[in-house]
Amino acid sequence: MGSFEVRGGKKLSGEIIPQGAKNEALQIISAVLLSAEKITITNIPDIIDVNLLIELLGEMGVKINRTSRDTCTFQADDIDAEYLHSEAYHKKSGKLRGSVMLAGPMLARYKKAYIPKPGGDKIGRRRLDTHIIGFEKLGASFSYNEDGFFHLTANELKGAFMQLDEPSVTGTANILMAAVLANGTTTIYNAACEPYLQQLCKMLNRMGAKIDGIGSNMLIITGVEKLGGTTHNMLPDMIEVGSFIGLAAMTQSDITIKNAGVEHLGIIPEKFRQLGIELNIKGDDIHVPSQEIYEIQKFMDGGVLSIYDHPWPGFTPDLLSIVLVTAIQAKGSVLIHQKMFESRLFFVDKLIDMGAQIILCDPHRAAVIGMAREQKLRGITMSSPDIRAGVALLIAALSAEGKSIIQNIEQIDRGYQHIDERLRRLGAQINRI
């Protein structure tokens, strides 16, 4: 396993462009299975999870022409559906939770699908109930076999009304992709409505699907017989944008985030402003000036600020780790409440070892007492437990005195494209060892 060696305590400066959105890519690339015609996708992030999904599609028989690392044309006109029940697929897809989103398109076109036990981050329970129940309401039958696969089959998919028990982004996307080729009308209530899901809906409509209610929590899908080809450009990754804001604040750096997709960021800029971070938005760029001190706001009644995750348009859970680490050098205190995953805050022990003042209240809540730069963090050796915690630790290391070693950086590489090279261009002292 690789490691990053980081020499911290240096102010950075310059411009950085966020990669294409990881979470959008996993949905969009899965959706190419819905059509036999060519689909060209641009602004693809060059990261482990996305590249693994593209490899899986190639092994299933999808014709792939990757003209550059960020542009790819897919044609799924000769698919080996049985490959999804092979040991090779089981082994590879088990490393990637996003592979679950192949099930909806496969059910829609081939009336069968296999879902391996999910892989990905170790951040707590990540159940598939929403996906399976939605497929069953469309007419699929399901069983779990000792071979480690969920087996799904359907003689015919029929439109249905369903109210999801949770507004799962991947669950909504998976059910949506199955429903676009089902007979009749499907209504998904309590649907997720993140920008990435809106992007998927818009792409499917360009391919000939009939989806109404885009951007709301009620999607109405009128099934069609087949879908055609299209081109699609992915949004900038909002999680990278938030990560770069936190990085600038912690390291007292002057950074401009170019082409940030500002109109799709929702309340993300406001949450960082609540930490006292100055943001200057100019067109589609975000300038984060160097700040000696940033002070955490309080509630209007004087209460301590709390920041928590919530389904869109609330605050994305993927940025809570970044907000937590950014608060370490703020003036004031904040309670971070991670509602969705019970293991996602378990990286704070490394931050405490670096000198941060954090109280882990329980698996879901951490209180951060900002140090207002009265003392610096110190470099240590640590390991990245998941994608977002890994980048939070990297931000801490870049702000700390001395040398830090971050191990298990494959976790970071799963979600952040060539992050060491891009940070070096800002002046960071970071090497891959």
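Residues numbered from 1 in each chain as written. Predicted model: local features only at pLDDT ≥ 70, side-chain atom pairs only at ≥ 80, totals over all residues. Heavy atoms only, no water.

1. Brief notes about the packing of helix α1 (residues 22-30) against helix α7 (residues 195-206)
Argument step 1. Relative to each other, α1 and α7 sit at 30°, their axes nearing to 9 Å. With respect to each other, α1 and α7 are oriented roughly parallel. Classified by chirality, the crossing of α7 by α1 is right-handed. Of the residues in α7, those touching α1 at N23, E24, Q27 and I28 are Y196, L197, Q199, L200 and M203. (Axes fitted to C-alpha atoms, helices over the stretch in contact; angles between N-to-C directions. Helix = DSSP H or I, 4+ residues; strand = E, 2+ residues; numbered from the N terminus. Parallel < 35°, antiparallel > 145°, perpendicular 65-115°, else oblique. Left-handed = near helix turned anticlockwise from the far one by under 90°. Contact = heavy atoms within 4.5 Å.)

2. Topic: the pairing of strand β6 (residues 112-116)
Argument step 1. Here β6 lies mainly inside the structure; 4 of its 5 residues are buried.
Argument step 2. Of the pairings in the sheet, the one linking β6 to strand β8 (residues 149-153) comprises 5 bridges and is antiparallel in character. Each residue of the ladder has a partner; that of P116, found in β8, is F149. (Buried < 20%, exposed > 50% of the residue type's maximum accessible area, 1.4 Å probe, protein only. Pairing = 2+ DSSP bridges.)

3. Remarks on the pairing of β8
Each regular strand shows side chains that alternate between the opposite faces of the sheet.
Argument step 1. Counting buried residues in β8 gives 4 out of 5 residues, a clear majority hidden from the surface.
Argument step 2. Strand direction decides the pairing type here: strand β7 (residues 141-144) and β8, joined by 4 bridges, are antiparallel. Across the sheet, Y144 pairs through a bridge with F150, a residue of β8.

4. With respect to the sheet that holds β8
Argument step 1. Reading across the sheet, the 3 strands line up as β6-β8-β7 and stay open at both edges, with antiparallel pairing between neighbours. The open sheet is flanked by β6 and β7, the only strands paired with a single partner. Mean inter-strand twist for the sheet, computed between neighbouring axes without regard to direction, equals 15°.
Argument step 2. Here helix α4 (residues 103-110) sits on the sheet and contacts β6 and β8; the angle it forms with β6, its principal contact strand, is near 160°.

5. A few points about helix α12 (residues 387-399)
Given 3.6 residues per helical turn, the α-helix brings residues three or four places apart onto the same face.
Argument step 1. With 13 residues, α12 extends 19 Å from end C-alpha to end C-alpha; this agrees with the ideal 18 Å at 1.5 Å per step.
Argument step 2. Of all 13 residues making up α12, 13 are buried, and the element is well covered by its neighbours.
Argument step 3. Two or three places before R388, at the opening of α12, D386 has a side-chain oxygen 3.0 Å from that residue's backbone nitrogen. (Expected span 1.5 Å × (residues − 1). Polar contact = N/O pair within 3.5 Å; in protein donor to acceptor, adjacent residues only side chain to side chain.)

6. Here's the deal with unusual backbone geometry
Argument step 1. Cis peptide bonds are those with omega within 30 degrees of zero, and the linkage from W312 to P313 qualifies with 15°.
Argument step 2. One can find P313 in the loop between β17 (305-308) and α10 (320-327).
Argument step 3. Of note, N190 is a non-glycine position whose phi angle comes to about 65°, a positive value.
Argument step 4. With respect to the helices, strands and loops of the structure, N190 is situated in the loop between β10 (185-189) and α7.
Argument step 5. Judged by its relative accessible area of 23%, N190 is partly exposed.

7. Brief notes about the sheet that holds strand β11 (residues 210-212)
Argument step 1. Spatially, the 4 strands line up as an open sheet ordered β9-β10-β12-β11, and their pairing is mixed. Each edge of the open sheet carries a strand with a single partner, namely β9 (161-163) and β11. The sheet shows a mean angle of 15° between the axes of neighbouring strands, direction not considered.
Argument step 2. Sheet topology note: the β9/β10 ladder contains 3 bridges and is parallel. Residue pairing for β10: M162 is matched across the bridge by I188.
Argument step 3. On the sheet, α7 packs against β11 and β12 (218-222) and is oriented at approximately 145° with respect to β11.

8. Comments concerning the side chain of S399
Argument step 1. If you trace the backbone, S399 turns up in helix α12.
Argument step 2. From its side chain, S399 meets the backbone oxygen of A396 in a polar contact 2.9 Å long.
Argument step 3. Excluding residues that lie within four positions of it along the chain, S399 makes contacts with G9, M250, T251 and L377.

9. Thoughts on the pattern of salt bridges
Argument step 1. A complete count under the given rule lists 15 salt bridges for this structure.
Argument step 2. Linking K112 and E82 is a salt bridge whose minimum nitrogen-to-oxygen distance equals 2.4 Å. Pair noted here: K112 is in strand β6 and E82 is in the loop between β5 (71-75) and α3 (87-93), with a separation of 30 residues, a long-range link.
Argument step 3. Judged by relative accessible area, K112 falls into the partly exposed class, the value being 28%.
Argument step 4. Classification of E82 as partly exposed rests on a relative accessible area of 40%.
Argument step 5. In this structure, R424 and D420 form a salt bridge, with 3.9 Å as the shortest nitrogen-oxygen distance. With R424 and D420 both in helix α14 (residues 419-424), this residue pair falls 4 residues apart, about one helical turn.
Argument step 6. By relative accessible area, R424 is classed as partly exposed at 35%.
Argument step 7. Via salt bridges that share partners, D413, D420, R424 and R432 belong to a single interconnected network. (Salt bridge = Lys/Arg side-chain N within 4 Å of Asp/Glu carboxyl O.)

10. Examining empty space enclosed by the protein
Argument step 1. Inspection of every chain in the model, using the stated rule, returns 1 cavity of 30 Å³ or more.
Argument step 2. Of the voids in this model, the largest cavity is the one considered here, and its volume is about 50 Å³.
Argument step 3. S243, F244, L247, V391, L394, I395, L398, I419 and L423 are the residues that line the largest cavity.
Argument step 4. Listed by contribution, the elements that provide at least two residues to the lining of the largest cavity are α8 (238-250), α12 and α14.
Argument step 5. It is α12 that provides the largest number of residues to the lining of the largest cavity, a total of 4 residues. (1 Å grid on protein atoms, 1.4 Å probe; cavity = no way out; pocket = protein on both sides within 12 Å on 5 of 7 lines; lining within 4 Å. Points joined across faces, edges and corners; volume = space filled by probe spheres on them.)

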